[in-house]
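# Topology and contacts: notes
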Protein chains: 4
Amino acid sequence: MKRSVLVFIFACMAIAVSAQKKSSMLTDSLYSDVLKGHRPYNVYLPKNYQENQDKSYPVLYLLHGLNGDHENWNSRGRVKEVLDYLAASGEIREMIVVFPDADADIPKAKHGYFNYQDWKYEDFFFQEFLPHVEGRYRIIADKGHRAIAGLSMGGGGATAYAQKHPELFCAAYAMSALVDIAPGREPSKDALVNAMRESVKENSCVAYVRNADDQVRQQLRTVKWFVDCGDDDHLLGVNLDFVREMHSARIPLEFRVREGAHVWEYWHSALYICLPFLSRTFDR
Amino acid sequence: MKRSVLVFIFACMAIAVSAQKKSSMLTDSLYSDVLKGHRPYNVYLPKNYQENQDKSYPVLYLLHGLNGDHENWNSRGRVKEVLDYLAASGEIREMIVVFPDADADIPKAKHGYFNYQDWKYEDFFFQEFLPHVEGRYRIIADKGHRAIAGLSMGGGGATAYAQKHPELFCAAYAMSALVDIAPGREPSKDALVNAMRESVKENSCVAYVRNADDQVRQQLRTVKWFVDCGDDDHLLGVNLDFVREMHSARIPLEFRVREGAHVWEYWHSALYICLPFLSRTFDR
Amino acid sequence: MKRSVLVFIFACMAIAVSAQKKSSMLTDSLYSDVLKGHRPYNVYLPKNYQENQDKSYPVLYLLHGLNGDHENWNSRGRVKEVLDYLAASGEIREMIVVFPDADADIPKAKHGYFNYQDWKYEDFFFQEFLPHVEGRYRIIADKGHRAIAGLSMGGGGATAYAQKHPELFCAAYAMSALVDIAPGREPSKDALVNAMRESVKENSCVAYVRNADDQVRQQLRTVKWFVDCGDDDHLLGVNLDFVREMHSARIPLEFRVREGAHVWEYWHSALYICLPFLSRTFDR
Amino acid sequence: MKRSVLVFIFACMAIAVSAQKKSSMLTDSLYSDVLKGHRPYNVYLPKNYQENQDKSYPVLYLLHGLNGDHENWNSRGRVKEVLDYLAASGEIREMIVVFPDADADIPKAKHGYFNYQDWKYEDFFFQEFLPHVEGRYRIIADKGHRAIAGLSMGGGGATAYAQKHPELFCAAYAMSALVDIAPGREPSKDALVNAMRESVKENSCVAYVRNADDQVRQQLRTVKWFVDCGDDDHLLGVNLDFVREMHSARIPLEFRVREGAHVWEYWHSALYICLPFLSRTFDR
């Protein structure tokens, strides 16, 4: 009895009450034949998702960085709070956001978003993961309603995925992105680290644009690109390389350099640019 | 050996390395004769605090809300990351920030910042807590270098404390502040809750200004006041009451209503306004 | 010859050249039977308006303040530059913006947006002006694509017009708005000034909400309302009154109080909030 | 009589009245022996400049672009309104701002900020102009209180001046700056245009850093540098070149790429970053 009163008071005093059903952040998983194991992922479902069973939504794939996982964007970047805030203010449309896990936790593992050795993550992503989530949740499964974004290693992954699959994504937003390995870097003594780095180099977003012929460039122009990197970020150099190649190839892109380093405050603030940008990009 | 290599790589790849000594967030405590027990608190020390033993700093007391504690501003509001970010960009001076605990966790307790019954928190704060931290850390202990701020119940506490002690604080920043209990509110059936609410009403910041004579008003004008409340916040009404009284009393104040409700995204973003404002207010 | 070279160089060096046809700001006029005379107005046409003769656009009516006219928003508020900037960045949809003239230039005249004595401006606006411009330019002439906004006296006009005609407007944005005459104001010795003030009082937006019955309130809820006023603005008080009445009547509104006074820097910056907000409000 | 009433009403209704003395923007001039003629300039004096004859101020030299003159920053960039706004809000210190004229109005003239042929503007600036204004107005005439900034050609001028005179300036802020002529540019058929371009190339800010020895680099590190350029600006490329050279030379700089092209909306918004940054840089 006393408790129920307290709960009532808590509700009145501490929270702006809303009659609407809440958004949710779930942890889910699927079994991967490619990777021979279960892969976890998180998914953000907008409010009223359960109540309105007829409605489908655009989707954003939001990729974590090195030492992150599928929960990282929420636990460190508080993406659910930002999504709720921007949806409440009308600055973004309701969307589903999917957070994969690329098993990049040093020292336990150092895998990432690309195929190499026996880690065929890119195959997993396009052959298993994307079809799985788009079948399991009410997602509008076409280019006009699908975007990809990420931070650091995940920013490189997002950009490379959209480069290779411009038919799948309407937009790609790269934050502080590892779009290439800076030239002249000393090799590591650790073979696994070198292998991961090699996979980034082989999938260099910079080289991809440089080597693109006219037909590929034309396809790349069907994606809205966004590059966002802090002026104190150690990855700024490779991002400038990428922007230059995009300019040379006459592929339009949005580009921002804001105050900051390779830190969560940067990525958290980036969400306030990224999410409205992607929301405007989605087809009606 | 392998681990040390990995640590090296992690350091190179994931973090913008800085040669400077880092800031820190500590948990500390003191014994209170007034409250008959140990009271915990957190304290943020700027970078180089340990290295530069001759330097003293301005201080900000940053107060939590209902259901919060001394760790709340960091765990939910990530205040350390914001402080580090703004200090790195030069937008704020280095300062010490102190986070008291007002034991306001419903349903365990519902105490707060004011004296009532056997909870003499205000006595504790001014007679024991403030002298303790200002003796223990290298704080410039004068009005020109001391500010106070808080959210919700802590915003009301910060404002009331600065009203009663304009000789101690150069500035007070109130976020989504419980500066009064809205009139016409139904009493609770819980005596403790009613007692806490009564303590807020008795310390109403609105009434304090309304009842202030010319001399008190003149003293209140020596403090820089800032009121910041979301347009979807259930406490907006009492904040508008407070602003009106301040206008009537011709006491200058800064006032902002921004997009948002009674949520952490609001208070996190408020730090980007609050901290530079206070930093500019501190004496050189 | 030399001149043409110079012009070429100017074009290359000083301007980011665009192949797209430019937007334009025109001055036009109509004869009013109601007001017995020609009334000038300005109109902003988005780029490609001339080239794409099949396309129709949403419309915004943007109202000037006291001592302004139809050119004021452009000459002082540089609204064309802001519209071009936001359209280029994708933050707003292409829209037509119409700038009426309410003949409010003291001391030449002091008319304004309401009917009084022989100045039947409100009749003119709805019976003559709106049908004229919506027939003359390719405007989507329905509630879902029509918004109204204004500053100071024009903010009051915009709000009052949308209150009386919620069937016409999807949104109303009031900047530093004269939504009422503050109570207790001394009457002027000038009969004309008093008459104008009386017209504002008679059309008080505050009283309109206070007196609205359930049916009217329900109609008012079909409009998206936005109130934006500086914390140093002498009209903040009446804006707070308006917000309170809207809260009491449970009519949702967006509300912002930002840093600033009754100055053009405020209204210029308000455009960066107002235009994206209205753009999101327009029906697809 | 009626008029005085109207003026009173105007003052009450349309303007937030302040008892403080206003800031002012003056046009002044000096005779130059170097350039053999009178050179005009504008100067912004903060409020209370006349009233408080004992106070001296930091100074900012703010340089116009091609086709601009000493009035351009105010007529197009409304710098006085921005200065007043930021001073009122406390975000900047009171400062004197000086606007030189580099006679760069095509087709009348195409001179600019550097010495070439018989146009010895740089000599004029340092030997005549700077001593003149710092003797004529109450300026704190030392490095710690002197900054320089500019847009486009003036951004290149500001950067080059601070490079050659790091002993004079504490900070330099370059907006959309012509810090170099992009390589591979076709020569103009107009000899005067080519001469002006050559003067920019000879004073290339990019080459200056590239060629700087350790001693020069060390001096350059005593200046706070800021580069701000729009992502749609045709000069972004040379700005990226400059940033790269600064990184290579390990000279710290602030760097921002924001949304926008080579337009006044960009430079106007840049003032809100530039002026607080410089204000924080000035010595106390």
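Above this note sits the structure.
Fair warning: this is a prediction, and the values are worked out from it, not measured in the lab.

## Quick word on the side chain of D231 of chain C
In this structure, D231 of chain C sits in the loop between strand 9 (224-230) and helix 9 (236-248). Given a relative accessible area of 5%, D231 of chain C falls into the buried group. Polar contacts involving the side chain of D231 of chain C include one to the main-chain amide nitrogen of F255 of chain B, which spans 3.0 Å. Here R256 of chain B takes part through its side chain, which lies 3.1 Å from a polar atom of the side chain of D231 of chain C. The contacts of D231 of chain C, once residues within four sequence positions are left out, are L253, E254, F255 and R256 of chain B together with L236, V257, R258, E259 and G260 of chain C.

## As for the interface of chain D and chain B
Across the contact, five residues belong to chain D and five residues belong to chain B. At the surface where chain D touches chain B, the tally comes to zero salt bridges. Between the two partners, chain D and chain B, sit two residue pairs in polar contact (both at pLDDT 80 or more). The residue makeup of the side of chain D that touches chain B, split by class, is no nonpolar, two polar and three charged.

## Focus on helix 5 (residues 153-164) of chain D
Residue and element names in this part refer to chain D. When the terminal C-alpha atoms of helix 5 are compared, their 17 Å separation across twelve residues agrees well with the 16 Å that a helix rising 1.5 Å per residue should span. A large share of helix 5 lies buried, amounting to eleven of its twelve residues. Where helix 5 is concerned, the buried positions are M153, G154, G155, G156, G157, A158, T159, A160, Y161, A162 and Q163.

## A look at helix 9 (residues 236-248) of chain A
The terminal C-alpha atoms of helix 9 of chain A lie 18 Å apart, and with 13 residues this matches the ideal 18 Å at 1.5 Å per residue to within 8%. Every buried residue belonging to helix 9 of chain A is among L236, V238, N239, L240, F242, V243, E245 and M246 of chain A, and all of these are buried. On its buried face, helix 9 of chain A sits against helix 5 (153-164), helix 7 (205-210), strand 9 (224-230) and strand 10 (253-258) of chain A together with helix 9 (236-248) and strand 10 (253-258) of chain D. After helix 9 of chain A finishes, the residue R250 of chain A shows a positive phi value of roughly 55°.

## Here we look at the pairing of strand 4 (residues 96-99) of chain B
Note on strand geometry: in a regular strand, side chains alternate between the two faces of the sheet. Residues and elements named next belong to chain B. A two-sided burial pattern is seen for strand 4, the buried positions comprising I96 and V98 on one face and V97 and F99 on the other. In this sheet, strand 4 lies alongside strand 2 (residues 37-45) in antiparallel orientation, the contact comprising three bridges. Paired with Y44 across the strands is V97, a residue of strand 4. As paired elements, strand 3 (residues 59-63) and strand 4 share three bridges and run parallel to each other.

## As for the environment of S29 of chain B
All names here are of chain B. Mapped onto the secondary structure, S29 falls in strand 1 (residues 24-32). Relative accessible area serves as the criterion here: at 34%, S29 is assigned to the partly exposed category. C-alpha separation for the pair S29 and V133, spaced 104 residues apart in sequence, amounts to 9.6 Å. Beyond its immediate sequence surroundings of up to four residues, S29 is in contact with H38, R39, P40, Y41 and H132.

## Section: the packing of helix 3 (residues 79-89) of chain C against helix 10 (residues 264-281) of chain C
All names here are of chain C. Interhelical geometry of helix 3 versus helix 10 gives an angle of 45° and a closest axis separation of 10 Å. If you check the angle between helix 3 and helix 10, you find them oblique. The two elements helix 3 and helix 10 cross, and the hand of that crossing is right-handed. In contact with V79, V82, L83, Y85 and L86 of helix 3, helix 10 contributes H268, L271, Y272, L275 and P276. The residue inventory of the contact of helix 3 with helix 10, partitioned by class, reads nine nonpolar, one polar and no charged.

Conventions we followed
- Residues numbered from 1 in each chain as written.
- Chains lettered and ligands numbered in written order.
- Predicted model: local features only at pLDDT ≥ 70, side-chain atom pairs only at ≥ 80, totals over all residues.
- Heavy atoms only, no water.
- Helix = DSSP H or I, 4+ residues; strand = E, 2+ residues; numbered from the N terminus.
- Buried < 20%, exposed > 50% of the residue type's maximum accessible area, 1.4 Å probe, protein only.
- Polar contact = N/O pair within 3.5 Å; in protein donor to acceptor, adjacent residues only side chain to side chain.
- Contact = heavy atoms within 4.5 Å.
- Salt bridge = Lys/Arg side-chain N within 4 Å of Asp/Glu carboxyl O.
- Nonpolar A, V, L, I, M, F, W, Y, C, P; charged D, E, K, R; others polar.
- Expected span 1.5 Å × (residues − 1).
- Pairing = 2+ DSSP bridges.
- Axes fitted to C-alpha atoms, helices over the stretch in contact; angles between N-to-C directions.
- Parallel < 35°, antiparallel > 145°, perpendicular 65-115°, else oblique.
- Left-handed = near helix turned anticlockwise from the far one by under 90°.

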